[in-house]
Amino acid sequence: VCTVSEPLKDYLVKHVQAGDDTVVVPCCVKNTIPATRREQVRQQLKIGNKTAILYLGGVHKNQYLEELGIPFIKAAMALSADNIGVFITQNKDKMMQLITKFSLDMERVRVISVPQAEVADYLTGMDIGLLLRAPSKQNNFSQPVKFGEYLAAGIPVVLEEGTGDIAALLNKHKIGCVVKLSDKQ
């Protein structure tokens with residue numbers, strides 16, 4: 001048996017009698033992403049010297065945008081005028097509805113949709129990547145590809161506690177921080 005995380009392996013061994021030889025192969029990316037387009041992306045998105053806080057992904061409920069992602073960006077924007085929110089998504093219309101619902105300052109928000117082949121270039125223009133998902137069995141077992149993409153682009157990650165088994169990596173290698181937002185509604 002092959003799985004993506006240690007928590008999922010532990011579950012499979014305990015509950016479905018998978019063997020102790022179950023292998024963990026986390027989601028990953030092939031290469032690091034050179035920052036050759038960083039300045040071009042920042043100029044195109046009118047980021048300048050501001051801190052670009054990135055949400056990359058869909059707008060489905062299991063992404064917890066309304067509960068965690070958008071409130072986090074709104075709070076960061078309230079802390080400093082130098083923080084802006086960047087949302088890369090395939091559903092710009094729905095994302096704009098959510099952002100409007102939360103009354104984010106539209107002058108400090110960028111919502112874009114880019115082809116998958118160009119996502120890596122846009123990642124290099126960001127300063128912080130969000131991976132905020134509420135604790136659940138699904139998220140505890142997950143190993144989001146987004147995590148590897150952020151790291152390949154050299155972006156520190158803000159991770160919600162309980163997402164896979166990657167919190168220890170963040171702390172050990174000082175490549176981001178772990179937060180517990182889900183119980184602070």
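Bear in mind that the values here come from a model prediction, so they are computed numbers and not experimental data.

### A look at empty space enclosed by the protein
Per the stated rule, a full pass over the model turns up one cavity of 30 Å³ or more. Approximately 60 Å³ is the volume attributed to the largest cavity. Its residues assigned to classes, the lining of the largest cavity comprises four nonpolar, two polar and two charged.

### Brief notes about the nonpolar core
Ranked by size, the top nonpolar core spans 26 residues in total, and within it Leu-45, Leu-54, Val-86, Ile-88, Leu-123 and Met-126 carry the most contacts. Looking at this core, the elements with two or more residues in it are strand E3 (51-56), strand E4 (83-88), helix H5 (116-123), helix H7 (145-152) and strand E7 (157-160). If near-sequence neighbours (up to four positions away) are discounted, Ile-88 is found in contact with Leu-54, Tyr-55, Leu-56, Gly-57, Ile-112, Val-114 and Tyr-122. The next biggest cluster of nonpolar side chains, apart from the first, holds 21 residues, and it includes Ile-53, Ile-70, Ala-76 and Met-95.

### Structural notes on the pairing of E4
In terms of burial, E4 is a largely internal element, six of the six residues being buried. Residues Asn-83, Gly-85 and Phe-87 line one face of E4 and the alternating positions Ile-84, Val-86 and Ile-88 line the opposite face, and both faces are buried. Inspection of the sheet shows E3 paired to E4 by six bridges, in the parallel sense. Paired with Leu-56 across the two strands is Ile-88, which belongs to E4. For the crossover that starts at E3, traverses helix H3 (residues 65-79) and ends in the parallel E4, the hand is right-handed. Pairing geometry for E4 and strand E5 (residues 109-112), over four bridges, is parallel. Paired with Gly-85 across the two strands is Val-109, which belongs to E5.

What counts, and where the lines are drawn
- The numbers attached to residues start from 1 for each chain and follow its sequence in the written order.
- Thresholds applied to this predicted model are a pLDDT of at least 70 for local features of residues and 80 or more for the giving and counting of side-chain atom pairs; totals over whole chains, interfaces and linings are not thresholded and use all residues.
- To obtain the side-chain values, all non-hydrogen atoms of the structure were used and water was disregarded.
- Every definition here rests on a 1 Å grid over the protein atoms only: cavities are sets of points where a 1.4 Å probe fits but cannot get out, pockets are open sets enclosed by protein on both sides within 12 Å along at least five of seven lines, and lining residues have some atom within 4 Å of a point.
- Grid points are joined across faces, edges and corners, and a volume is the space filled by probe spheres set on the points.
- Residue polarity is assigned by list, with Asp, Glu, Lys and Arg as charged and Ala, Val, Leu, Ile, Met, Phe, Trp, Tyr, Cys and Pro as nonpolar; anything else, Gly included, falls into the polar class.
- The nonpolar core is taken to be a set of buried Ala, Val, Leu, Ile, Met, Phe, Trp, Tyr and Cys residues, with the residues joined through side-chain atoms within 4.5 Å.
- Between buried and exposed lies partly exposed: a residue is buried under 20% and exposed over 50% of the maximum accessible area for its type, with that area taken using a 1.4 Å probe on protein chains only.
- Counting from the N terminus, the helices are the DSSP runs of H or I reaching at least four residues and the strands are the DSSP runs of E reaching at least two.
- Whether two residues are in contact is decided by their heavy atoms, any of which lying within 4.5 Å being enough.
- Think of it this way: DSSP has to see at least two bridges between two strands before they count as a pair.
- Seen with its strands pointing away from the viewer, a crossover is right-handed when the path leading from the first strand over the helix to the second is clockwise.

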